[in-house]
Amino acid sequence: MIDLRSDTLTRPTEAMRAAMARAEVGDDVYGEDPTVRALEERVAGLFGHEAALFTPTGSMANVLAVRTLVSPGQEVLCESAAHIARAELGAHGAYSGVTMRTWHHPRGQVDLPLIETLFAPDLGPFFVPTAAISVENTHNFAGGAVLPLADLQAVRDFAHGHGAAVHLDGARIWNAHVATGVPLAEYGAVADVLAVCLSKGLGAPVGSLVVGSSAAIAETRVWRKRMGGGMRQTGILAAAGLHALDHHVERLAEDHAHARLLADAVGVDPASVDTNIVVFGHADAPAYVARAREAGVLVSAVGPRTVRLVTHLDVTKADAERAAEILSAL
């Protein structure tokens, strides 16, 4: 089987497993795991922020990041297909008491005039105030679309000018960085708090980080424990993240090239594919998924009429070429 369902399916390489096996560890709940501390300091520095906190999942990282900016009863604005709105099972409302309103863009992009219309200032005990604006880069359900830096900077300037904050869901920010050449620190500068993931394109088995100010991360550390995310000898996992940062960032360009090859096979303009995700319409997505499986390719239905393909570390060029032949025939 050639598995194109998600880049979360990547398995640790032998070199990554070796790095994990020799990791120096301590008790991270006590803040005493040196490998975790090294990872947190490195990622915070890459994005130009003061601190970072390792979490077991990207969804937890997003929930923790948003709750540092949005109090119970306040709202965050985001795009209608954003991961925080569609794929985290309502966790922001269930755990943090946060409400959401959304704007829609077919490519998951910023629509600043609409955001300005949606934005609700604090008018006292009558209406829900907007405390933050969330952006997702790259945008998963918009086919891995990259959000232009200038648009992100415009959102930041608007939010800060109106007393609100910016959350960046950067689960695949590494892909945006490789696709555009924009330094990670410039992406970090558009957000008050961001979440980044190690277990997608970078190939680590587990882990995301919340990145922000020292005060925000100190608060987040308490809430991580409160939510059951305090972990002990986590350096074994953090070592995988450090290895990924050393060896798996620049190679993301290969995944992007493979995605464009697949796009052409399924009738999507390759020029419209920014990174490693291809999303296309089909009259019966579940039936297409079943036929692809029978032919030896695993893909995902992300809606009744929408199919998603994702390239990653475990998909070679030969795999992509073979998958393209099969999907083209379908």
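Note that this is a predicted model, so its numbers are computed, not measured.

Visitor: Pulling in residues and values, what's your account of the pairing of strand β8 (residues 208–212)?
Guide: The buried fraction of β8 amounts to five of the five residues, a majority that puts the element mostly inside the structure. Here β8 shows no split at all, with Ser-208, Val-210 and Gly-212 on one side and Leu-209 and Val-211 on the other all buried. Where strand β2 (residues 51–55) meets β8, five bridges bridge the pair, whose relative direction is antiparallel. Counterpart to Phe-54 in the pairing with β8 is Leu-209.

Visitor: I'd like a rundown of helix α12 (residues 252–265), residues and numbers included.
Guide: Here α12 spans 20 Å end to end across 14 residues, near enough to the 20 Å set by a 1.5 Å rise per residue. Among the residues of α12, Leu-252, Asp-255, His-256, His-258, Ala-259, Leu-262, Ala-263 and Ala-265 are the ones counted as buried. Taken from the residues just after α12, Gly-267 is the one with a positive phi, measuring 85°.

Visitor: Describe the packing of aromatic side chains, listing the residues and the values that go with them.
Guide: For the structure shown, the criterion picks out three aromatic pairs. Seen in terms of ring centroids, Phe-47 and Trp-174 are 5.5 Å apart; in terms of plane orientation they differ by 65°. Their pairing is edge-to-face. Highlighted residues: Phe-47 in the loop between α2 (34–46) and β2 and Trp-174 in helix α8 (residues 173–180), separated in sequence by 127 residues. Using a relative accessible area of 2% as the deciding quantity, one classes Trp-174 as buried. Consider the rings of Phe-280 and Tyr-288, whose centres lie 5.5 Å apart with planes at 80°: the pair is edge-to-face. Both residues of the pair, Phe-280 and Tyr-288, belong to the buried class.

Visitor: Please give an account of the sheet that holds strand β9 (residues 277–281) that cites residues and values.
Guide: Sheet strands pair by backbone hydrogen bonding; their relative direction is either parallel or antiparallel. The strand order across the open sheet formed by three strands is β9-β12-β11, and the pairing between neighbours is antiparallel. Of all strands in the sheet, those with a lone pairing partner are β9 and β11 (300–303), marking the two edges. The average angle at which neighbouring strand axes cross in this sheet is 30°, direction not considered. Where β9 meets strand β12 (residues 306–310), five bridges bridge the pair, whose relative direction is antiparallel. The residue bridging Val-279 from the neighbouring strand is Arg-308, located in β12.

Visitor: Could you give an account of empty space enclosed by the protein, naming the residues involved and the relevant values?
Guide: Per the stated rule, a full pass over the model turns up one cavity of 30 Å³ or more. Put simply, the largest cavity is a space of about 70 Å³. Lining the largest cavity are 13 residues, with Glu-79, Ala-82, Ser-134, Val-135 and Glu-136 sitting closest to its centre. With three residues, strand β5 (residues 130–136) is the largest single contributor of residues to the lining of the largest cavity. Residue composition of the lining of the largest cavity, by class: six nonpolar, four polar and three charged.

Visitor: With reference to specific residues and values, describe the sheet that holds β8.
Guide: Read across the sheet, seven strands follow the order β2-β8-β7-β6-β5-β3-β4 without closing on themselves; strand pairing throughout is mixed. Two strands in the sheet have a free side with no partner beyond their single neighbour: β2 and β4 (99–103). The sheet shows a mean angle of 20° between the axes of neighbouring strands, taken without regard to direction. Pairing geometry for strand β6 (residues 165–170) and strand β7 (residues 193–197), over four bridges, is parallel. In the sheet register, His-167 faces β7, and the bridge partner there is Val-193. Strand contacts of α2: β2, β7 and β8, with the helix running at about 125° to β2, the strand carrying the most contacts. Set on the sheet, helix α10 (residues 214–226) makes contact with β2, β7 and β8; between it and β2 the angle comes to about 20°.

So, how was this worked out
- Residues numbered from 1 in each chain as written.
- Predicted model: local features only at pLDDT ≥ 70, side-chain atom pairs only at ≥ 80, totals over all residues.
- Heavy atoms only, no water.
- Buried < 20%, exposed > 50% of the residue type's maximum accessible area, 1.4 Å probe, protein only.
- Helix = DSSP H or I, 4+ residues; strand = E, 2+ residues; numbered from the N terminus.
- Pairing = 2+ DSSP bridges.
- Expected span 1.5 Å × (residues − 1).
- Phe/Tyr/Trp six-rings, centres within 6.5 Å; stacked < 30°, edge-to-face > 60°.
- Axes fitted to C-alpha atoms, helices over the stretch in contact; angles between N-to-C directions.
- 1 Å grid on protein atoms, 1.4 Å probe; cavity = no way out; pocket = protein on both sides within 12 Å on 5 of 7 lines; lining within 4 Å.
- Points joined across faces, edges and corners; volume = space filled by probe spheres on them.
- Nonpolar A, V, L, I, M, F, W, Y, C, P; charged D, E, K, R; others polar.
- Contact = heavy atoms within 4.5 Å.

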